[in-house]
Amino acid sequence: MTLPIILCDDDTLLLSHYKSVIENWIMINDYEMKLVLATTDPEDIFLFLKNNKFTNSLFFLDIDLGKQLDGIDVAQRIRNDNEFAEIVFITSHQELALETLKRQIAPLDYIIKDEKTEKGQIEKILDGRHTKTFIDRGPNERHLSFMIGSRNIRIDLSSIYFLETSVTPLRSFYMVKT
């Protein structure tokens, strides 16, 4: 299960920078995550989500998108369709944090646009999502966890159709719904 990440910022230079930070951190740490969309247009997000259904996903949204819809509107629509989506605002508008509370968006985090700290904050969020999504921390959770090399794979038990062992030692097969 790959965690899809969606990024939206109206500034193409910042979009490119954030995209690079996210993709590099995923690659360096071999995380089971993928930046599936990086866009300056929030309508691209809605079109993408219409064609791709995700339960577990991570969004990095700028609040001031310079469009008719702002990042809070985008987050509200995402939240209405997917209560499990994790939303992170990357913004220079700290004063709008209360608006997200009023509209019950419940963002995972706010990253204040600042050349010194935003890279580290993005990396910390990716680390946290990796731990929460893929690391087996609780014995009562209903999933199957196993290692392939250095990768920790976690599959929800409800998505497994069957498990089958192989005559070859240390090999098994499983079929899951996607």
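As a reminder, the structure under discussion sits directly above these lines.
Source: prediction; values computed, not measured.

Caption draft 1: Focus on unusual backbone geometry. Notably, Gln 104 is not glycine yet its phi reads approximately 55 degrees, a positive angle. By the element assignment, Gln 104 lies in the loop between α4 (97–102) and β5 (109–112). Judged by its relative accessible area of 64%, Gln 104 falls in the exposed class. Positive phi, normally seen in glycine, also occurs at Ala 106, with a value near 55 degrees. Inspection of the secondary structure puts Ala 106 in the loop between α4 and β5.

Caption draft 2: Structural context of the sheet that holds strand β1 (residues 3–8). Taken in spatial order, the 5 strands of this open sheet run β2-β1-β3-β4-β5, and their pairing is parallel. Two strands in the sheet have a free side with no partner beyond their single neighbour: β2 (33–39) and β5. Sheet twist, expressed as the mean angle between neighbouring strand axes with direction ignored, is 20 degrees. Where β1 meets strand β3 (residues 58–62), 4 bridges bridge the pair, whose relative direction is parallel. Residue Leu 7 lies in a different strand from β3, and its bridge partner there is Phe 60. Strand contacts of helix α1 (residues 12–29): β1, β2, β3 and β4 (86–91), with the helix running at about 170 degrees to β2, the strand carrying the most contacts.

Caption draft 3: A look at the packing of helix α2 (residues 42–51) against helix α3 (residues 71–81). Two elements in contact, α2 and α3, have axes separated by 10 Å at closest approach and are oriented at 10 degrees. Classified by the angle their axes make, α2 and α3 are roughly parallel. Together, Pro 42, Glu 43, Ile 45, Phe 46 and Leu 49 of α2 and Val 74, Arg 77 and Ile 78 of α3 make up the contact between the two elements.

Caption draft 4: Focus on the nonpolar core. Counting residues in hydrophobic clusters, the biggest one holds 21 residues, and the most contacted among them are Ile 5, Ile 22, Met 33, Leu 58, Phe 60, Ile 122 and Leu 126. Broken down by secondary-structure element, the contributors of at least two residues to this core are β1, α1, β2, β3, β4 and α5 (118–134). Those residues within four positions of Ile 5 in sequence are excluded, and the remaining contacts are Ile 22, Ile 26, Met 33, Lys 34, Leu 35, Val 36, Leu 37, Leu 58, Phe 60 and Leu 126. Grouped together as the second largest cluster of nonpolar side chains are 20 residues, Phe 46, Ala 75, Ala 85 and Ile 105 included.

Caption draft 5: How the structure looks around the side chain of Glu 123. Turning to its location among the elements, Glu 123 is positioned in helix α5. Overall, the relative accessible area of 12% leaves Glu 123 in the buried class. Beyond its immediate chain neighbours, meaning those up to four positions away, Glu 123 contacts Val 21 and Trp 25.

Caption draft 6: The pattern of salt bridges, seen in detail. The tally for this structure, following the rule as stated, stands at 6 salt bridges. A salt bridge links Glu 86 to Arg 129; its shortest N-O distance comes to 3.3 Å. One end of the pair, Glu 86, is in strand β4; the other, Arg 129, is in helix α5, with 43 residues separating them in the sequence. Salt bridges sharing common partners tie together Asp 9, Asp 62 and Lys 113.

What counts and how
Residues numbered from 1 in each chain as written. Predicted model: local features only at pLDDT ≥ 70, side-chain atom pairs only at ≥ 80, totals over all residues. Heavy atoms only, no water. Helix = DSSP H or I, 4+ residues; strand = E, 2+ residues; numbered from the N terminus. Buried < 20%, exposed > 50% of the residue type's maximum accessible area, 1.4 Å probe, protein only. Pairing = 2+ DSSP bridges. Axes fitted to C-alpha atoms, helices over the stretch in contact; angles between N-to-C directions. Contact = heavy atoms within 4.5 Å. Parallel < 35°, antiparallel > 145°, perpendicular 65-115°, else oblique. Core = buried A, V, L, I, M, F, W, Y, C linked by side-chain atoms within 4.5 Å. Salt bridge = Lys/Arg side-chain N within 4 Å of Asp/Glu carboxyl O.

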